[in-house]
Amino acid sequence: MIDSFKTPLVIVGRVLLALMFIYAGFGKLTNLEGTAGYIASGGLPMASVLAVVVGLLELLGGLAIAVGFQARWAALALGLFTLAASLLFHKFWAVPADQAFVQQLMFMKNLSVAGGLFIVAALGAGPASVDARRGLVPATA
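Attention in this report is confined to the structure presented alongside it. (Residues numbered from 1 in each chain as written. Predicted model: local features only at pLDDT ≥ 70, side-chain atom pairs only at ≥ 80, totals over all residues. Heavy atoms only, no water.)

### Concerning the pattern of salt bridges
Enumeration according to the criterion identifies one salt bridge in this entry. With a shortest N-O distance of 2.9 Å, glutamate 58 and lysine 28 are connected by a salt bridge. Of this pair, glutamate 58 sits in helix α3 (residues 47-67) while lysine 28 sits in helix α1 (residues 6-29), and the two are 30 residues apart along the sequence. Its relative accessible area of 5% is what places glutamate 58 among the buried residues. Taking the relative accessible area as the measure of exposure, lysine 28 reaches 21% and is therefore partly exposed. (Salt bridge = Lys/Arg side-chain N within 4 Å of Asp/Glu carboxyl O. Helix = DSSP H or I, 4+ residues; strand = E, 2+ residues; numbered from the N terminus. Buried < 20%, exposed > 50% of the residue type's maximum accessible area, 1.4 Å probe, protein only.)

### A word on the packing of α1 against α3
Contact geometry of α1 with α3 gives a least axis separation of 7 Å together with a crossing angle of 155°. Regarding the angle of α1 to α3, the classification is roughly antiparallel. α1 and α3 meet at a crossing whose hand is left-handed. Residue-level contacts link Arg14, Val15, Ala18, Phe21, Ile22, Ala24, Gly25, Phe26, Lys28 and Leu29 of α1 to Val52, Val54, Gly55, Leu56, Glu58, Leu59, Gly62, Leu63, Ile65, Ala66 and Val67 of α3. Of the residues assigned to the contact of α1 with α3, the class counts are 15 nonpolar, three polar and three charged. (Axes fitted to C-alpha atoms, helices over the stretch in contact; angles between N-to-C directions. Parallel < 35°, antiparallel > 145°, perpendicular 65-115°, else oblique. Left-handed = near helix turned anticlockwise from the far one by under 90°. Contact = heavy atoms within 4.5 Å. Nonpolar A, V, L, I, M, F, W, Y, C, P; charged D, E, K, R; others polar.)

### Looking at the nonpolar core
The biggest cluster of nonpolar side chains holds 20 residues, and the ones touching the most others in it are Ile65, Ala75, Leu78 and Leu117. For this core, the elements supplying multiple residues, two or more each, are α1, α3, α4 (71-89) and α5 (97-123). (Core = buried A, V, L, I, M, F, W, Y, C linked by side-chain atoms within 4.5 Å.)

### Quick notes on the layout of surface pockets
Estimates place the volume of the largest pocket at around 560 Å³. Lining the largest pocket we find 21 residues, and of these Lys28, Tyr38, Glu58, Phe81 and Ala85 sit closest to its centre. For the lining of the largest pocket, the elements supplying multiple residues, two or more each, are α1, α2 (32-41), α3, α4 and α5. Ranked by the residues each element gives to the lining of the largest pocket, the list is headed by α4, at six residues. Here the second largest pocket is characterised by a volume of approximately 160 Å³. Ranked by residues supplied to the lining of the second largest pocket, first place goes to α5 with four residues. Among the residues forming the lining of the second largest pocket, the class breakdown is seven nonpolar, three polar and one charged. (1 Å grid on protein atoms, 1.4 Å probe; cavity = no way out; pocket = protein on both sides within 12 Å on 5 of 7 lines; lining within 4 Å. Points joined across faces, edges and corners; volume = space filled by probe spheres on them.)

### As for α4
With 19 residues, α4 should cover 27 Å at 1.5 Å per step; its first-to-last C-alpha distance of 26 Å lies within 8% of that length. Taken as a whole, α4 has its buried residues at Ala71, Ala74, Ala75, Leu78, Gly79, Phe81, Thr82, Ala85, Ser86 and Phe89. (Expected span 1.5 Å × (residues − 1).)

This is the structure we're talking about:
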């Protein structure tokens, strides 16, 4: 029975995985000053440039995964970005005890999201995707 739901489940999974990035990327691009400030608070250089780059990566990468366009590359890029952002901005091991739980929760959530992204990177976008229509993934994937 699960095979009959395979395509809809892949579509829903891709969209749900992508929504976080689409929303975050749009938010970053519409508040570049705030985003740059947050990036600078993490000790990173060229915060204004990174704000634009990260916003575009999240927005465009999220959209690519949602529709299944170059989904493997987008998922790999977002997965690596998510791991890096987790290590830089969710240091639960280095914050006061009253902040550690929330930071650890965010860190673990990001690890899970990265895991889902790496699955998309490995297996592709599935049959109902732009990539499948272009012949980049098997129609029965």
